[in-house]
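Below, each chain spelled out in residue letters.
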Amino acid sequence: MKEKKKIRISIHPVENHPGDYLAYFRSEFLDATYTVFFKDTITGALALHSFAEMIRRKYQEQVERYEETRDPADQPRPLMITIEEAHKFLSPTVARQTI
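Conventions and cut-offs
Residues numbered from 1 in each chain as written. Predicted model: local features only at pLDDT ≥ 70, side-chain atom pairs only at ≥ 80, totals over all residues. Heavy atoms only, no water. Pairing = 2+ DSSP bridges. Helix = DSSP H or I, 4+ residues; strand = E, 2+ residues; numbered from the N terminus. Axes fitted to C-alpha atoms, helices over the stretch in contact; angles between N-to-C directions. Contact = heavy atoms within 4.5 Å. Salt bridge = Lys/Arg side-chain N within 4 Å of Asp/Glu carboxyl O. Buried < 20%, exposed > 50% of the residue type's maximum accessible area, 1.4 Å probe, protein only.

Novice: Please explain the sheet that holds strand E4 (residues 32-39) as it appears in this structure.
Specialist: Sheet strands associate in pairs through backbone hydrogen bonding, adopting either a parallel or an antiparallel arrangement. Read across the sheet, three strands follow the order E2-E3-E4 without closing on themselves; strand pairing throughout is antiparallel. Each edge of the open sheet is held by one strand with a lone partner, namely strand E2 (10-13) and E4. Pairwise comparison of adjacent strand axes, ignoring direction, gives a mean angle of 25° for this sheet. Direction of pairing for strand E3 (residues 20-27) relative to E4: antiparallel, over a ladder of eight bridges. Bridge pairing in E4 links Phe-25 to Tyr-34.

This is the structure we're talking about:
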């Protein structure tokens, strides 16, 4: 079995724009870079969740392709998505509204 691939989504504040953030993810297995802008609101938290879900769906497409072809070159490594300490970027009011 291949080593589990962890996805780390980096979150950075936007300089000179308090409450605005960029989430960034560079994917070797999807051969792409993803960035999403969000605000410190519940809507921003949902945007971040949607961002992670989009990455998961792309990975699922790779899994399905492998299941169809059974070609070892198509086999993706197991995947885990983590958004580390995202609660630190949300105001306490917004953080309490998330799961």
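Novice: Please clarify how the environment of Phe-38 should be interpreted in this entry.
Specialist: In this structure, Phe-38 sits in strand E4. Sequence separation between Phe-38 and Leu-48 is ten residues, and the spatial gap between their C-alpha atoms is 7.2 Å. Residue contacts for Phe-38: discarding those within four places in its chain leaves Ile-11, Gly-19, Asp-20, Tyr-21, Leu-22, Ala-23, Gly-44, Ala-47 and Leu-48.

Novice: Would you explain the pattern of salt bridges in this entry?
Specialist: Any two side chains of opposite charge can pair, given that their charged atoms come close. Under the counting rule described, the total for this entry stands at two salt bridges. We note a salt bridge from Asp-20 to Lys-39, for which the minimum N-O separation is 2.9 Å. Highlighted residues: Asp-20 in strand E3 and Lys-39 in strand E4, separated in sequence by 19 residues. Take Asp-20: its relative accessible area is 8%, and that puts it in the buried class.

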